Amino acid sequence: MKFPSDMCRRLGLVGSDNGLICLSLKTEYNGVISAHRNKLANNESLCICNPITRELVTLPGTLKIVDGVHVLAGFSYHPLTNEYKVVRICYAGNPESPSYKGHAEVYTIGSGCGWRSVGETDFKHKYIGEPTCVCVNGALHWLSDDSVDIMVFDLAEEKFHLLHAPIEEIHDFRRIYVMRRCLCYEYYDHSDELLRLCFLEKNNEEEDIISSYYVNAQYYKSWSWNKEFTVLPNRFPTK
């Protein structure tokens, strides 16, 4: 699959599931220069790519990205609703302002309904590095810069929830990803210079497995973080 050379330098991975890939495409906005750091303003659009069939579909609703505008995006398939969904959350304004919120929209692939507004969140996403979205248990997850909580967006209910992290204070290095089909939280503890890995697992293994796709505040109370690995510098992980 080929992209124009000027576009390839501005491709970003949003997510992938069942062989489909969601990408963000950034292009210059009519040559407009933003006021901050002399950067070019961008148009940002999202597309769905099938590398097997070499098909590329660009979703409607291009956003103009200028100073003070930040966009989070996520993509996944939900097995209970049998739908592929793209989520984008647009933040605008001063992050220090009490009125600073993210406006969320959902695009259901193949529905013909376009982008639907699904509410707001005052959760401030993580700016350090790439604001990577992690999908597990039928929900999208993001880290925050100023909170240990994890923002969760339930793809079935299309609602936001907060999940408390396995730590009480913010560490410089921390990230989330999926390992062993569980949400994994990794952080570096400066107090003992160790890298720790925690897994979010169900307390009751006899629960119906299909319930793992219902993510809400009440349900997450039946889950707990388990610290399973501690990694020493330049050594293998130990339990």
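Residues numbered from 1 in each chain as written. Predicted model: local features only at pLDDT ≥ 70, side-chain atom pairs only at ≥ 80, totals over all residues. Heavy atoms only, no water.

Draft legend 1. Structural view of unusual backbone geometry. In this structure, N82 takes a positive phi of about 55° despite not being glycine. For N82, a relative accessible area of 56% puts it in the exposed group. Within the chain, E158 stands out as a residue other than glycine whose phi angle is a positive 55°. Structurally, the position occupied by E158 is in the loop between strand 12 (150–154) and strand 13 (159–163). (Buried < 20%, exposed > 50% of the residue type's maximum accessible area, 1.4 Å probe, protein only. Helix = DSSP H or I, 4+ residues; strand = E, 2+ residues; numbered from the N terminus.)

Draft legend 2. Structural view of the nonpolar core. Core analysis: the biggest nonpolar cluster contains 18 residues, and I150, L163, I176, L183, Y185 and W225 have the highest contact counts within it. At the level of secondary structure, the elements contributing two or more residues to this core comprise strand 10 (134–136), strand 12, strand 15 (182–189), strand 16 (194–202) and strand 17 (223–231). In terms of residue count, strand 15 provides more of this core than any other element does, three residues in total. Y91, Y100, A104 and L140 belong to the second-largest nonpolar core, a separate cluster that totals 15 residues. (Core = buried A, V, L, I, M, F, W, Y, C linked by side-chain atoms within 4.5 Å.)

Draft legend 3. A look at the pattern of salt bridges. Following the criterion strictly, the structure yields six salt bridges and no others. Measuring nitrogen to oxygen at the nearest pair gives 2.9 Å for the salt bridge that ties E105 to R88. Placement of E105 in strand 8 (residues 102–108) and of R88 in strand 7 (residues 83–92) is noted, with a sequence separation of 17 residues between them. In this structure, a network of salt bridges that share partners links the residues E83, K85, R116 and E158. (Salt bridge = Lys/Arg side-chain N within 4 Å of Asp/Glu carboxyl O.)

Draft legend 4. Structural detail: the sheet that holds strand 7. Reading across from one edge, 6-7-8-9 is the order of the four strands in this open sheet, with antiparallel pairing throughout. Edge positions in the sheet fall to strand 6 (69–78) and strand 9 (115–121), since each has one partner strand and no second. Averaged over all pairs of adjacent strands, the angle between strand axes in this sheet comes to 20°, irrespective of strand direction. With seven bridges connecting them, strand 7 and strand 8 associate as antiparallel partners. Across the sheet, V86 pairs through a bridge with Y107, a residue of strand 8. (Pairing = 2+ DSSP bridges. Axes fitted to C-alpha atoms, helices over the stretch in contact; angles between N-to-C directions.)

Draft legend 5. Main features of the side chain of T121. Relative to the helices and strands, T121 resides in strand 9. Polar side-chain contacts of T121 include one of 3.1 Å to the backbone nitrogen of F123. The residues contacting T121, other than those within four sequence positions of it, are I89, Y91, K101, G102, M151 and F160. (Polar contact = N/O pair within 3.5 Å; in protein donor to acceptor, adjacent residues only side chain to side chain. Contact = heavy atoms within 4.5 Å.)

Draft legend 6. Expanded view of the state of the cysteines. Applying the stated criterion to the full structure yields zero disulfides. Counting only cysteine sulfurs, C135 is the nearest neighbor of C133, a cysteine outside any disulfide, at a range of 6.7 Å. Under the relative-accessibility criterion, C135 is labelled partly exposed at 27%. (Disulfide = S-S within 2.5 Å.)

Geometry only, nothing functional implied.
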